[in-house]
Amino acid sequence: MQACVAGQTFWHSLNVLLKPSLNRLKLTYAKAEIFVIAKLGNPKYTVRMTEKNKVIRALVVGAAMLATVLAGCGKGTAAVEHKKPQVLTTFTVIADMAKNVAGDRLDVSSITKPDAEIHDYQPTPEDIKRAEGADLILNNGLGLERWFQKFVSNTKAKTADLSEGVTPIPIAEGDYKGKPNPHAWMSPDAGVKYVNNIVKAFSALDPDGKAQYEANGRKYAAEIEKVGKEMEGELEKLPKDQRALVTCEGAFSYLARDTGLQEKYLWGVNAEGALTPARVADVENFVKTNKVPAVFCESTVGDKMKPVVQSTGAKFGGTLYVDSLSGPDGDVPTYLDLLRYDANLITKGLTSK
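Computed from a prediction, not measured in an experiment: that's the story for all the values here.

A.B. asks: Any chance you could explain the overall build of the protein chain here in plain terms?
C.D. replies: Check the secondary structure of the protein chain and you find twelve helices and eight strands. In the protein chain, buried positions account for 46% of the 353 residues. Long-range pairs, those at least 24 residues apart, make up 63% of the contacts in the protein chain between residues at least 6 apart in sequence. Roughly 18100 Å² of accessible area belongs to the protein chain as shown, and the carbon and sulfur atoms make up 55% of that amount.

Below, the structure written as structure tokens:
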């Protein structure tokens, strides 16, 4: 920037210095430039240093010098003005949320890819490099990303815990019994709190965009609330004796609380160790006792319900999405799609539609 100011000052001074000579010689700046280019471009032409030639050469050389300075500073200024703050998220669900709030003011991307397992993800060297260049990193919190603190230990980026303000539901069974269930975004009500936390984090990062973030946040929160009502209406179709949701991971505690479902699962969170025969037997007994017509599993864990299906006669109701979105051409490319898809699949499975 200082170089730009100095260049402009130089050009002004040159004009003031040479203006009397130009007037005396009856030359315009355009004519002077054409004259020198034509004459100096001819290698056989020898310039005679009359006042006219000296003035013209000074103008053209000065203009060339100024053009170089201003071209360089123009590029530098454009690079600074157009570089958007970089925001990383730990997984695709909150990346989609963040993009809806960010609009075109921020560059938002997810560290993990669609269908990735989140709990015990192993960051790559490229992930670490991206974190070092980030301005803000959004994580879920509630113990979801067990790798997060180590991951951000060498970055200067700000961080924001999107589950802040959510009342956690304790995990009821398994190795993590009593610890907070981290899958709060499966409740649309909690999803709105995530959006509010995103607005707060973005406004702190980019105060000039606060009004836009708040407006985007209000609009997106209203969309989440609308989908939440659609989910409740869908799941209300389930008869009282068919409201048991059996899954691989206990990732639906918040959804089950909001919609009055009874939850049973093979393990509390994906970070647990190997599935034990005792846990499988417990779920099998629950399915038989409650005559559960269908069981489900999540997209990031594979087909772990097979033994339960084989021993109980319940059908496999399908693959639910929780920890990750699908690709853009998949079933759930957005968070809103995820909520709708899961509610619809659960209803179809438990009503044998």
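A.B. asks: Would you explain the nonpolar core in this entry?
C.D. replies: In a soluble, globular protein the nonpolar side chains are often hidden away together inside. In this structure, Leu-138, Trp-185, Phe-202 and Tyr-335 are the most contacted members of the largest nonpolar core, which totals 75 residues. Those residues in contact with Tyr-335 that sit more than four places away from it in its chain are Val-93, Asp-96, Met-97, Trp-185, Ser-187, Pro-188, Gly-191, Tyr-220, Ile-224 and Leu-325. Residues Ile-111, Ala-131, Phe-148 and Val-152 belong to the second largest nonpolar core, which totals eleven residues.

A.B. asks: Would you mind going over the side chain of Glu-263 with me for this structure?
C.D. replies: Its place among the elements puts Glu-263 in strand S6 (residues 262-267). Within the buried core, Glu-263 has no salt-bridge partner, and the shortest N-O distance to an opposite charge, that of Arg-279, equals 9.7 Å. Polar side-chain contacts of Glu-263 include one of 2.7 Å to the side chain of Ser-253. Dropping the residues within four chain positions of it, Glu-263 is found in contact with Leu-245, Gly-250, Ala-251, Phe-252, Ser-253 and Ala-256.

A.B. asks: Sorry, what's going on with the state of the cysteines here?
C.D. replies: Such a bond, covalent and formed between the sulfur atoms of two cysteines, is termed a disulfide. In this structure the tally under the stated criterion is one disulfide. Between Cys-248 and Cys-297 runs a disulfide, and the two sulfur atoms are separated by 1.8 Å. Classification of the bridge connecting Cys-248 and Cys-297 rests on its S-S torsion, roughly -110°, and on that basis the disulfide is left-handed. With Cys-248 in strand S5 (residues 244-249) and Cys-297 in strand S7 (residues 294-298), this pair connects stretches of sequence that are 49 residues apart. Taken as a pair, Cys-248 and Cys-297 share a single burial class, namely buried.

A.B. asks: Sorry if this is basic, but what is going on with a negative patch on the surface here?
C.D. replies: Together, Asp-189, Glu-225, Glu-232 and Glu-236 make up a negatively charged patch on the protein surface. Mapped onto the elements of the fold, Asp-189 is located in helix H7 (residues 188-205).

A.B. asks: I would appreciate a short explanation of H7 in the present structure.
C.D. replies: In an α-helix there are 3.6 residues to a turn, and that puts residues three or four apart on one side. A rise of 1.5 Å per residue sets the reference length of H7, with its 18 residues, at 26 Å; its end C-alpha atoms lie 26 Å apart and thus fit the reference within 8%. Along H7, the positions that sit buried rather than exposed are Pro-188, Ala-190, Gly-191, Val-192, Tyr-194, Val-195, Asn-197, Ile-198, Val-199, Ala-201, Phe-202 and Ser-203.

A.B. asks: How should unusual backbone geometry be read in this particular structure?
C.D. replies: Leaving glycine aside, a negative phi is the common case for residues, and trans is the common case for peptide bonds. With a phi close to 75°, Asp-115 is a non-glycine residue in the positive phi region. Positioned with a positive phi, Leu-142 is a non-glycine residue whose angle comes to about 60°. Relative to the elements of secondary structure, Leu-142 occurs in the loop between strand S3 (136-139) and helix H6 (148-151). We classify Leu-142 as partly exposed; its relative accessible area is 21%.

A.B. asks: What's the story with the sheet that holds strand S2 (residues 107-110) in this structure? I'm lost.
C.D. replies: Within a sheet, each strand pairs with its neighbour through backbone hydrogen bonds, oriented either parallel or antiparallel. Read from one edge of the open sheet, four strands run S2-S1-S3-S4, paired in parallel fashion. The sheet is open, and its two edges are formed by S2 and strand S4 (158-161), each paired on a single side. The average angle at which neighbouring strand axes cross in this sheet is 20°, direction not considered. Note that strand S1 (residues 86-89) and S3 share three bridges and pair parallel. Note that in S3 the partner of Leu-88 across the bridge is Ile-137. Across the sheet, helix H4 (residues 92-102) lies against S1, S2 and S3, angled at about 170° from S2, the strand it touches most. Sheet strands touched by H7: S1, S2, S3 and S4. Its angle to S3, the strand with the most contacts, is close to 170°.

A.B. asks: Looking at this model, I keep getting lost on the environment of Lys-315. Mind explaining?
C.D. replies: Here Lys-315 shows up in strand S8 (residues 315-320). Exposure remark for Lys-315: the relative accessible area of 34% places this residue in the partly exposed category. Residue contacts for Lys-315: discarding those within four places in its chain leaves Pro-293, Ala-294, Val-295, Val-309, Lys-348, Gly-349 and Ser-352.

A.B. asks: I tried to follow the pairing of S1 on my own but got confused; where do I start?
C.D. replies: On any regular strand, side chains alternate: one points to one face of the sheet, the next to the other face. With four bridges joining them, S1 and S2 adopt parallel strand pairing. Across the sheet, Gln-86 pairs through a bridge with Asp-107, a residue of S2. Note on the crossover from S1 through H4 to S2: the handedness is right-handed.

A.B. asks: Honestly, the packing of aromatic side chains in this entry has me stumped. Any pointers?
C.D. replies: In this description, an aromatic ring pair is defined by two values, namely the gap between the centres and the angle between the planes. What the rule picks out here adds up to six aromatic pairs. Aromatic side chains Phe-91 and Trp-185 sit 5.0 Å apart centroid to centroid with 55° between the ring planes, which places their arrangement in the tilted category. Here Phe-91, found in the loop between S1 and H4, pairs with Trp-185, found in the loop between S4 and H7; they are 94 residues apart in sequence, far enough to count as distant. This pair shows no difference in class: Phe-91 is buried, exactly as Trp-185 is. Taken together, Tyr-121, Trp-147, Phe-148 and Phe-151 form an aromatic cluster joined through their ring pairs.

Criteria and cut-off values
- Residues numbered from 1 in each chain as written.
- Predicted model: local features only at pLDDT ≥ 70, side-chain atom pairs only at ≥ 80, totals over all residues.
- Heavy atoms only, no water.
- Helix = DSSP H or I, 4+ residues; strand = E, 2+ residues; numbered from the N terminus.
- Buried < 20%, exposed > 50% of the residue type's maximum accessible area, 1.4 Å probe, protein only.
- Contact = heavy atoms within 4.5 Å.
- Areas by Shrake-Rupley, 256 points an atom, 1.4 Å probe, with all protein chains shown as cover.
- Core = buried A, V, L, I, M, F, W, Y, C linked by side-chain atoms within 4.5 Å.
- Lys, Arg positive; Asp, Glu negative; His and termini not counted.
- Salt bridge = Lys/Arg side-chain N within 4 Å of Asp/Glu carboxyl O.
- Polar contact = N/O pair within 3.5 Å; in protein donor to acceptor, adjacent residues only side chain to side chain.
- Disulfide = S-S within 2.5 Å.
- Patch = residues over 30% accessible without salt bridge, like charges linked within 9 Å, V, L, I, M, F, W, Y side chains within 5 Å.
- Charge placed at Lys NZ, Arg CZ, Asp CG, Glu CD.
- Expected span 1.5 Å × (residues − 1).
- Pairing = 2+ DSSP bridges.
- Axes fitted to C-alpha atoms, helices over the stretch in contact; angles between N-to-C directions.
- Right-handed = clockwise from strand over helix to strand, strands pointing away.
- Phe/Tyr/Trp six-rings, centres within 6.5 Å; stacked < 30°, edge-to-face > 60°.

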